[in-house]
Amino acid sequence: MEDWTGVLRLGAEAKNGKTIAKDVYFQGAFKVMRPVYHDDSGQACYYILNPGGGYLDGDRYQMNISLEKQAQLTLTTQSATKIYKTPHSHAYQEAEFHLKEGSYLEYIPDPLIGYQHARYKQKNVFYIEKGSSLLYSDIITPGWSPDGNRFSYDLLQLINEIYLDDELVVFDHIKLNPVSQNMDGIGLMEGYSHLGSMIVIEEKTTPDLLDRLYQALPHNPEEYKLGISLLSVPGFTVRVLANTTQTVEKVFSDLHSILSQEWFNKKPSFLRKY
């Protein structure tokens, strides 16, 4: 485990109508719980644990998740990812996801919290085959600081790359750098403190669906701003600016519920963390 604070590898396959682990490996400050089956669909849910309680100076984490054909997996964290002060070297996490035809991955980590003088970089790379489905979301939340500054972290940088049949179809790059950026400016946080992103890849996506998703959500600019955009492949991306984690979570939960009902005729499972 060269220079890695934590390593996690998880392979899943469908067997007799149920998604089970094909192989599981973890070491260091990364662990994964035994699978939970929230309903009778056979979809497995795994909770990622960080025994260290947070990411510290120079911490480096690596994940590799693979889904075989027809496997259905929900991957989430047990609690928020807390990034603490990193005076010497930023914390870093990289993850690779491999989705074979007919598989479905929901990757829904709890919020990422950046505390005072935190520096963190994250890179997710998704390799998906045509006919597979992906729902991914993340939420950036400012941590408490002694002076009450909403943007006391130094750097939070998130990169997502999605390859469909080995062709790069999505490149998403978020870089929040309060040290050198006016975070309240146009094109950045615009007076809000929390940022949520969702990326969905699914062949059933249509412009009409996006219109219905947008209309189904209440629009209160005092609470949040919302944008939904079609991708160059069947799928879409969502951005939410808000002032509380709960507001972003409610928007994403509503979207998730509509999509699950529309595409799979089921309700998403409640990912209870207590």
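The following paragraphs examine the structure supplied in this document. Owing to the predicted nature of the structure, the values given are computational and were not obtained by experimental measurement. (Residues numbered from 1 in each chain as written. Predicted model: local features only at pLDDT ≥ 70, side-chain atom pairs only at ≥ 80, totals over all residues. Heavy atoms only, no water.)

1. Side note on the overall build of the protein chain
Then, number 1: The secondary structure content of the protein chain amounts to two helices and 17 strands.
Then, number 2: Radius of gyration (C-alpha) of the protein chain: 18 Å, near the 19 Å computed for a compact globule of 274 residues.
Then, number 3: Taking the principal axes of the C-alpha coordinates as reference, the protein chain spans close to 55 × 45 × 40 Å.
Then, number 4: Within the protein chain, the proportion of its 274 residues that are buried is 50%.
Then, number 5: When the 26 basic and 34 acidic side-chain charges of the protein chain are each reduced to a single mean position, those positions are 5 Å apart. (Helix = DSSP H or I, 4+ residues; strand = E, 2+ residues; numbered from the N terminus. Rg over C-alpha atoms; globule rule 2.2 N^0.38 Å. Buried < 20%, exposed > 50% of the residue type's maximum accessible area, 1.4 Å probe, protein only. Lys, Arg positive; Asp, Glu negative; His and termini not counted. Charge placed at Lys NZ, Arg CZ, Asp CG, Glu CD.)

2. Looking at the pattern of salt bridges
Then, number 1: Inspection of the entire model under this criterion finds eleven salt bridges.
Then, number 2: Two residues, Glu161 and Lys123, come together in a salt bridge whose shortest N-O distance is 3.6 Å. Placement of Glu161 in strand β13 (residues 155-164) and of Lys123 in strand β11 (residues 119-128) is noted, with a sequence separation of 38 residues between them.
Then, number 3: Relative accessible area serves as the criterion here: at 12%, Glu161 is assigned to the buried category. (Salt bridge = Lys/Arg side-chain N within 4 Å of Asp/Glu carboxyl O.)

3. Section: unusual backbone geometry
Then, number 1: Unusually for a residue other than glycine, Gln70 sits at a positive phi of about 70 degrees.
Then, number 2: Here Gln70 is to be found in the loop between β5 (60-67) and β6 (72-77).
Then, number 3: Judged by relative accessible area, Gln70 falls into the exposed class, the value being 51%.
Then, number 4: With a phi angle near 50 degrees, Glu190 is a residue other than glycine that sits in the positive phi range.
Then, number 5: Mapping Glu190 onto the fold places it in the loop between β14 (167-176) and β15 (194-201).
Then, number 6: Residue Glu190 is classed as partly exposed on the basis of its relative accessible area of 29%.

4. Looking at the sheet that holds β5
Then, number 1: What the seven strands build is an open sheet, ordered β2-β1-β5-β8-β11-β13-β14; its pairing is mixed. The sheet is open, and its two edges are formed by β2 (18-28) and β14, each paired on a single side. On average, adjacent strands in this sheet sit at an angle of 10 degrees to one another, irrespective of strand direction.
Then, number 2: Bridge count for strand β1 (residues 6-15) against β2 is ten bridges, and the pairing is antiparallel. In the sheet register, Ala12 faces β2, and the bridge partner there is Ala21. (Pairing = 2+ DSSP bridges. Axes fitted to C-alpha atoms, helices over the stretch in contact; angles between N-to-C directions.)

Take it as geometry only, folks, not as evidence of what the structure does.
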